[in-house]
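# Fold and contact review
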Amino acid sequence: MKKLLFISMLSLFTLMLACKGAEPVYPQIDFLFKETQCANPWGSIVTPEWTREQIVSYYLTDVLEVEFSDLSIASDGEAELCAACVCLTGDNIRISADEEFSEILLENGFEIEE
């Protein structure tokens, strides 16, 4: 009986130590970026060999240091009929990222998708 109590206490103590060092888990949030004609933050990254997905991925990962998933670009937005840099193309870029990256994404033109 004493051995069973000892093993139970040891297991409980080990479990408590293992949980103490765990990193916090952040919920995933869906973000949306409405692409413009030429005022996108990654606009200065020009590489003929890269697709838009690769350029956006590089910008998010290497420039902003954001960890994300589910990058997609769809032409499901409303395009503006003008040629100015800030005019919307109608292309929407969507990603999912942890809540800890919300501030930097919002500062760089992304919005939380409802």
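Structure's up top.
Described in the following lines is the structure provided in the data block.

### Notes on the overall build of the protein chain
For the protein chain, the count of helices and strands is 3 helices and 4 strands. Traced from its N-terminal end to its C-terminal end, the protein chain shows the element sequence α-β-α-β-β-α-β. Within the protein chain, buried positions represent 26% of all 114 residues. Nonlocal contacts in the protein chain, meaning residues at least 24 apart in sequence, comprise 64% of its contacts between residues at least 6 apart. Approximately 8100 Å² of the protein chain is accessible, and the part contributed by carbon and sulfur atoms is 58%.

### Comments concerning the nonpolar core
Of all hydrophobic cores here, the largest spans 18 residues; its most connected members are F31, W42, L60, L105 and F110. Broken down by secondary-structure element, the contributors of at least two residues to this core are strand 1 (28-36), helix 2 (52-63) and strand 3 (88-98). Element by element, the count of residues in this core is highest for helix 2, at 4 residues. Setting aside chain neighbours within four positions, we find L60 in contact with E65, V66, F68, I95, L105 and F110.

### A word on the sheet that holds strand 3
Pairing within the open sheet is antiparallel, and its 4 strands lie in the order 2-3-1-4. Two strands in the sheet have a free side with no partner beyond their single neighbour: strand 2 (68-74) and strand 4 (111-112). One ladder, built from 5 bridges, connects strand 2 with strand 3; its direction is antiparallel. Along strand 3, the bridge assignment pairs S72 with R94. Contacts between helix 2 and the sheet are confined to strand 1, strand 2 and strand 3, with strand 2 contributing the most and set at about 145 degrees to the helix.

### A look at a nonpolar patch on the surface
Nonpolar side chains collect at one region of the surface, where W50, Y58 and V63 lie side by side and expose about 260 Å² of accessible area between them. Within the fold, W50 resides in the loop between strand 1 and helix 2.

### Describing helix 2
For helix 2, with 12 residues, the first-to-last C-alpha span of 15 Å sits near the 16 Å given by 1.5 Å per residue. Of all the positions in helix 2, only I55, V56, Y59 and L60 are classed as buried. The buried residues of helix 2 occupy one face: seen down the axis, they fall within an arc of 125 degrees. Turning to helix 2, the residues buried within the fold contact strand 2, strand 3 and helix 3 (102-107). Residue E65 follows helix 2 closely and has a positive phi angle near 60 degrees.

Conventions used here
- Residues numbered from 1 in each chain as written.
- Predicted model: local features only at pLDDT ≥ 70, side-chain atom pairs only at ≥ 80, totals over all residues.
- Heavy atoms only, no water.
- Helix = DSSP H or I, 4+ residues; strand = E, 2+ residues; numbered from the N terminus.
- Buried < 20%, exposed > 50% of the residue type's maximum accessible area, 1.4 Å probe, protein only.
- Contact = heavy atoms within 4.5 Å.
- Areas by Shrake-Rupley, 256 points an atom, 1.4 Å probe, with all protein chains shown as cover.
- Core = buried A, V, L, I, M, F, W, Y, C linked by side-chain atoms within 4.5 Å.
- Pairing = 2+ DSSP bridges.
- Axes fitted to C-alpha atoms, helices over the stretch in contact; angles between N-to-C directions.
- Patch = residues over 30% accessible without salt bridge, like charges linked within 9 Å, V, L, I, M, F, W, Y side chains within 5 Å.
- Salt bridge = Lys/Arg side-chain N within 4 Å of Asp/Glu carboxyl O.
- Expected span 1.5 Å × (residues − 1).
- Arc of directions from axis to C-beta.

Note that every value here comes from positions in space, so none of it alone points to a role or purpose.
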